[in-house]
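The residues making up each chain are set out below.
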Amino acid sequence: MEHFDKEYCLEVWGDLACFTRPELKVERVSYDVITPSAARAIFESIFWKPAIRWQVTRIEVLNPIRWTNIKRNEVGKLMSPTSDGLIIEDNRQQRSSMLLRDVRYRIFARQIYIPVKNRPSEEQRLWAKDENPGKYNAMFQRRASKGQCFNQPYLGCREFSCGFQLIEPAIHGQGIDESRDLGLMLYDMDFKDQYGEKPAEALFYRAKMEHGVIVVPEKDSEEVLR
C-alpha cells in the first residue's frame, strides 16, 4: 500500500505569481497563496499519465506574503482560424494586475491511481495490463530529482515560470509565523464529465493558514464545495 499512500514534496519558488481570483473579471487579482489547482499543475508538468491523478495534501508558505502591481498590454480579442489576421493596435487593452512577489512554497501531493473501468477511452483501458503504481512513483521521483519536466512549471500564469526541487524525505514542517483565514478559494476544476454533455465544474473550499501551513482536503470530502 505504500505505493498508493506515498507523499512527495516539491519546493517551488519564483519572482512573480498570480493565482487569479475567478470572481474578478477585468483586472487580475491573485489569491494570497498558491491554490491547490496551481500546485497540482506543477506536479503534472513533471509527470502525468492517464492512470493517475495528483492529490495535493498540504501547502507550506515559506516566504512572507508580499504584493506588487503591474500594468500590461493585452489583446482583448481571440483570432479565429478562418480570419485573415488580427490588428493588435485595434484590440490592445491595458490592464492592471495585483501579483505576488518573491514567493516560495513547499507543496505536498500523492498519486491517486484511477481504476481501469473509469478510464475515458478503450486505448487507455488496454494499457492497464502493464500498469504498476510503484512504477509511476519511481518515474516521478527520478524525473523530479533530476529537474526534468514535460512543460516548464509556472505559478498560476504561464508567464510566471518557477524553479522546483524535490525534497526528500517529505517531512512536514512549518511555514511563516502567520495565521489567517484566506476565505473561499478555488480548489480545482472537475473534468470528470468532459467526455459527456456536462461542462467542467469549479470546486471551492474554505482555506485557512495556520502558522504558514494550509491543509488541503480530499477532493471528495464535504469541505469541498460545488
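Above this note sits the structure.
So, here is what we can say about the structure in this document. Keep in mind that what you see is a predicted model, and the values were worked out from it rather than measured. (Residues numbered from 1 in each chain as written. Predicted model: local features only at pLDDT ≥ 70, side-chain atom pairs only at ≥ 80, totals over all residues. Heavy atoms only, no water.)

1. Some details on the overall build of the protein chain
- When you go through the protein chain residue by residue, the secondary structure sums to five helices and 10 strands.
- The buried share of the protein chain, taken over its 226 residues, is 41%.
- For the protein chain, the exposed area adds up to about 13,100 Å²; of that, 49% sits on carbon and sulfur atoms. (Helix = DSSP H or I, 4+ residues; strand = E, 2+ residues; numbered from the N terminus. Buried < 20%, exposed > 50% of the residue type's maximum accessible area, 1.4 Å probe, protein only. Areas by Shrake-Rupley, 256 points an atom, 1.4 Å probe, with all protein chains shown as cover.)

2. As for the nonpolar core
- In terms of nonpolar packing, the biggest core is built from 46 residues, with Leu10, Val12, Phe19, Val33, Tyr105, Ile107 and Phe140 touching the most fellow members.
- At the level of elements, strand E1 (7-17), helix H2 (36-46), strand E3 (52-61), strand E5 (92-113), helix H5 (133-145), strand E6 (163-167), strand E7 (180-190) and strand E8 (201-209) are the ones that each hand at least two residues to this core.
- Those residues within four positions of Phe19 in sequence are excluded, and the remaining contacts are Val29, Ser30, Tyr31, Val33, Ile34, Thr35, Ala38, Leu100, Tyr105, Leu155 and Gly156. (Core = buried A, V, L, I, M, F, W, Y, C linked by side-chain atoms within 4.5 Å. Contact = heavy atoms within 4.5 Å.)

3. A few points about the sheet that holds E8
- Pairing is antiparallel in the open sheet, where three strands are placed in the order E7-E8-E10. Across the chains shown, the open sheet's two edge strands, defined by having one partner strand only, are E7 and strand E10 (224-225).
- Here E8 pairs with E10 via two bridges, running antiparallel. When the sheet's bridge partners are listed, Phe204 is paired in E10 with Leu225.
- Along the sheet, H2 makes contact with E7 and E8, crossing E7 at roughly 50°. (Pairing = 2+ DSSP bridges. Axes fitted to C-alpha atoms, helices over the stretch in contact; angles between N-to-C directions.)

4. Brief notes about H5
- Between its first and last C-alpha atoms H5 spans 18 Å; for 13 residues at 1.5 Å apiece the expected length is 18 Å, and the two agree.
- Burial in H5 covers these residues: Pro133, Gly134, Tyr136, Asn137, Met139, Phe140, Arg143 and Ala144.
- Backbone geometry just after H5 places Gly147 at a positive phi near 75°. (Expected span 1.5 Å × (residues − 1).)

5. Some points on the pairing of E5
- Where E1 lies against E5, 10 bridges are found, and the strand directions are antiparallel. Across the sheet, residue Leu16 finds its bridge partner in E5, namely Arg101.
- In this structure, strand E2 (residues 28-29) lies alongside E5, joined through two bridges in parallel fashion. In the strand pairing of E5, Val29 is matched with Met98.
- In the sheet, E3 pairs with E5 via nine bridges, with the strands oriented antiparallel. Bridging from a neighbouring strand, Gln55 pairs with Arg110 of E5.
- Two strands pair when backbone bridges link them, and strand E4 (residues 66-75) and E5 are joined in this way by 10 bridges, in the antiparallel orientation. Among the inter-strand pairings, Val75 is bridged to a residue of E5, identified as Arg92.

6. Some remarks on the pattern of salt bridges
- If you walk through the whole model with that rule in mind, you get 16 salt bridges.
- The partner of Glu11 in a salt bridge is Arg106, and the shortest N-O contact between them spans 2.7 Å. In this pair, Glu11 is assigned in strand E1 and Arg106 in strand E5, connecting sequence segments 95 residues apart.
- Of the residues examined, Arg106 reaches a relative accessible area of 24% and is grouped as partly exposed.
- Residue Asp188 pairs with Arg40 through a salt bridge whose shortest N-O separation is 2.6 Å. Of this pair, Asp188 sits in strand E7 while Arg40 is found in helix H2, placing the two residues 148 residues apart along the sequence.
- Judged by relative accessible area, which is 10%, Asp188 ranks as buried.
- The exposure class assigned to Arg40 is buried, which follows from its relative accessible area of 18%.
- Ionic contacts of the salt-bridge type, sharing partners, join the residues Arg21, Glu23, Asp32, Glu178 and Arg180 into one network. (Salt bridge = Lys/Arg side-chain N within 4 Å of Asp/Glu carboxyl O.)

7. Section: the state of the cysteines
- Applying the stated criterion across every chain, the model contains zero disulfides.
- The thiol sulfur of Cys157 is not disulfide-bonded, and the nearest other cysteine sulfur, from Cys18, lies at 4.3 Å.
- Given a relative accessible area of 11%, Cys157 falls into the buried group. (Disulfide = S-S within 2.5 Å.)

Note that all results are geometric; they support no functional claim without further evidence.
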